[in-house]
Amino acid sequence: MTAMLLISKVSAQNIVTTQTNKIMDQRLTFITIGAKDLNKLKQFYIEKFQWKPLKDDNGIVFFKLNGFILGLYPADELAKDANASGDCSGLKGFSLSINYNSEKEVDEVFKVLQGRGVQVVKPPQKAFWGGYSGYVVDTEGNHWEIAFNPFLVMDRNYNVVTHK
């Protein structure tokens, strides 16, 4: 009986130790963009990218992507929540990326987006790192990289498996 109690106590300590040593899971749940004009930005994603909102409620919009959610939230509210400057300038300095399986697919996406009036800031081209990419921007200047990365391994749902 004492041995069983000791084993249970050691097992419980290992579980607690394992849980407390793990500070951050290596995953992504949300990317939230601070929108200066929430309705205009929402319409961009609906009309130009033709995405369907998962939720549009109480001043926040969610788009379910593969394995995480893109949120649109008023910039001033996001800044307040993050203790950043009121114009959210402290939150910029990022790009968002969608990867495809070939250069041809990237070119096709650009052609469709240009046809919808999306602003191209860098046409697709060979990249120094061995891939192929270009950039478009939404109505608030958030940069979206549309890319083919020959080193990226994705599953059939375009979820990242690994990077070689």
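Worth saying up front: this structure is predicted, and the values here are computed from it rather than measured.

Visitor: Even after reading the chapter, I still don't get the overall build of the protein, so can you show me in this structure?
Guide: When helices and strands are tallied, the protein shows four helices and 10 strands. Secondary structure elements of the protein, listed N to C terminal, follow the sequence α-β-α-β-β-β-α-β-α-β-β-β-β-β. Looking at the protein residue by residue over its 164 residues, the buried ones come to 31%. Look at the contacts in the protein between residues 6 or more apart in sequence, and 48% of them connect residues 24 or more apart. Total accessible area computed for the protein in this model is approximately 11,000 Å², and 54% of it derives from carbon and sulfur atoms.

Visitor: Please clarify how helix α4 (residues 103-115) should be interpreted in this entry.
Guide: Two residues of an α-helix separated by three or four positions point the same way, owing to the 3.6 residues in each turn. The end-to-end C-alpha separation of α4 is 19 Å, in line with the 18 Å expected for 13 residues at 1.5 Å each. Taken as a whole, α4 has its buried residues at Val-106, Val-109, Phe-110 and Leu-113. End-on view of α4: buried residues confined to an arc of 100 degrees, all on one side of the axis. Every exposed residue of α4 that faces more than 90 degrees away from the buried side is listed here: Lys-104, Lys-111 and Gly-115. Each element contacted by the buried residues of α4 is listed here: β5 (95-100), β6 (119-126), β7 (132-137) and β8 (143-148). Looking one or two residues beyond α4, the residue adopting positive phi is Gly-117, at roughly 85 degrees.

Visitor: Sorry, what's going on with the sheet that holds β5 here?
Guide: Strand-to-strand pairing in sheets goes through backbone hydrogen bonds, with the strands running parallel or antiparallel. Read across the sheet, four strands follow the order β5-β8-β7-β6 without closing on themselves; strand pairing throughout is mixed. This sheet does not close on itself; its edge strands, each paired only once, are β5 and β6. Neighbouring strand axes in the sheet, compared pairwise and without regard to direction, differ in orientation by 15 degrees on average. As judged from the six bridges shared by β7 and β8, these two strands associate in the antiparallel manner. Along β8, the bridge assignment pairs Val-137 with His-143.

Definitions and cut-offs
Residues numbered from 1 in each chain as written. Predicted model: local features only at pLDDT ≥ 70, side-chain atom pairs only at ≥ 80, totals over all residues. Heavy atoms only, no water. Helix = DSSP H or I, 4+ residues; strand = E, 2+ residues; numbered from the N terminus. Buried < 20%, exposed > 50% of the residue type's maximum accessible area, 1.4 Å probe, protein only. Contact = heavy atoms within 4.5 Å. Areas by Shrake-Rupley, 256 points an atom, 1.4 Å probe, with all protein chains shown as cover. Expected span 1.5 Å × (residues − 1). Arc of directions from axis to C-beta. Pairing = 2+ DSSP bridges. Axes fitted to C-alpha atoms, helices over the stretch in contact; angles between N-to-C directions.

Keep in mind these values describe shape, not function.
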